[in-house]
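Summary of structural features
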Amino acid sequence: SGGQQQRVMIAVALACSPKLLIADEPTTALDVTIQRQVMELLARLKQSHQMSLLFISHDLGVVGEISDHVVVMRHGQVREVAPVAQIFSAPQDAYTQALLACRPSLAENPARLMVIDDHIAGRAAAASAVAKDPNAPVVLEARGLRKSFWLKQGLFGKREFQAVKGVSFRLRKGHTLGVVGESGSGKTTMGLTLLRLHEPTGGEVLFDGRDLLRMGGADWQQMRRRIQVVFQN
Ligand SMILES: Nc1ncnc2c1ncn2[C@@H]1O[C@H](COP(=O)(O)OP(=O)(O)OP(=O)(O)O)[C@@H](O)[C@H]1O
Ligand SMILES: [Mg+2]
């Protein structure tokens, strides 16, 4: 099943005890119950491995459930970075406010959704009871990360399309940073560029204080083992 496949993917990614796991829509294709199990598995493993997690999703609810901090992206840009509680209770950016307003209403199917939400609230409370050190070392830092694609235009022409336009954020040891945004906002491109699975166009990515994007062969190979990825499929 999809849920089993996803658990195997996660197990494989964690086999070499990475310091950082990038999960790009790891639960998007799964039903609510299996999604819950995969989320719990991720949260548990993150704790036991003392790992940092970059959790990418278009689903603000899912991101809110697992993250300590949230990055809101739109059109390749970061609109807001804030602690998860602030994103939900006092969003600063107009786009974040719109995203929140567009979430499905609880009133439409109260009985069922309330139960699920209660569970989420319960677990979120339990998870945040383990206080995270706000001054934990920064494991991953993106500084002005950019990625352009060159699209064909006409017979000989090329046009630059900026999929990621200067993204900056920090992810601390043992913390989870959620990345949320609509389809096409550049989340996956950003994740792939962090890992040089796309050739970056500009910016810096510091992992343990060292610039990943300019690291040479052997160093890079060694670093790469400490960062693993889980994709949706
Ligand atoms: N290889 C590519 N060549 C050209 N354009 C691309 C390429 N990959 C992505 N894009 C474009 O970059 C933009 C960002 O795409 P990306 O896949 O990063 O979005 P996303 O936020 O992950 O969306 P989703 O929620 O659907 O996964 C989109 O407009 C997409 O069409
Ligand atoms: Mg994507």
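Calculation notes
Residues numbered from 1 in each chain as written. Chains lettered and ligands numbered in written order. Predicted model: local features only at pLDDT ≥ 70, side-chain atom pairs only at ≥ 80, totals over all residues. Heavy atoms only, no water. Helix = DSSP H or I, 4+ residues; strand = E, 2+ residues; numbered from the N terminus. Near = heavy atom within 4 Å. Polar contact = N/O pair within 3.5 Å; in protein donor to acceptor, adjacent residues only side chain to side chain. Areas by Shrake-Rupley, 256 points an atom, 1.4 Å probe, with all protein chains shown as cover. UniProt positions renumbered as here; feature names shortened; annotations may be inferred. Buried < 20%, exposed > 50% of the residue type's maximum accessible area, 1.4 Å probe, protein only. Pairing = 2+ DSSP bridges. Right-handed = clockwise from strand over helix to strand, strands pointing away. Contact = heavy atoms within 4.5 Å. Axes fitted to C-alpha atoms, helices over the stretch in contact; angles between N-to-C directions.

**Re unusual backbone geometry**
Phi at S17 takes a positive value of approximately 45°, unusual for a residue other than glycine. With respect to the element layout, S17 can be found in the loop between α1 (2-14) and β1 (20-24). Not every positive phi belongs to a glycine, and D208 is a case in point at roughly 55°. Inspection of the secondary structure assignment puts D208 in the loop between β8 (202-207) and β9 (210-211).

**Some points on the site of ligand 1**
S183, G184, K187, T188 and T189 are the nearest of the 13 residues found near ligand 1. Between an oxygen atom of ligand 1 and a side-chain N or O atom of S183, the distance comes to 2.6 Å. Relative to its unbound accessible surface of 630 Å², ligand 1 loses 61% to contact with the protein. Among the elements of the structure, β5 (138-153), β6 (157-172) and α7 (187-194) are those that each provide at least two residues to the shell around ligand 1. The leading source of residues in the shell around ligand 1 is α7, at three residues.

**Focus on the UniProt feature "domain: ABC transporter" (unreviewed entry) in the chain**
In the UniProt entry, the feature "domain: ABC transporter" (unreviewed entry) is given for residues 1-28 and 164-233. Its end C-alpha atoms 14 Å apart, residues 1-28 is made of 46% helix and 18% strand.

**A closer look at the pairing of strand β2 (residues 52-57)**
In terms of burial, β2 is largely enclosed, as six of its six residues are buried. The side-chain alternation of β2 yields two buried faces, one formed by S52, L54 and I56 and the other by L53, F55 and S57. Sheet analysis places β1 next to β2, joined by five bridges and oriented parallel. Its bridge partner being in β2, I22 is matched across the sheet by L54. The handedness of the β1 to β2 crossover, carried by helix α2 (residues 32-49), is right-handed. Pairing between β2 and strand β7 (residues 176-180): five bridges, direction parallel.

**Notes on the sheet that holds β8**
Strand order in this open sheet of four strands is β6-β5-β8-β9, and the pairing throughout is antiparallel. Each edge of the sheet is formed by a strand with only one pairing partner; in this case those strands are β6 and β9. Set on the sheet, α7 makes contact with β5, β6 and β8; between it and β5 the angle comes to about 115°.

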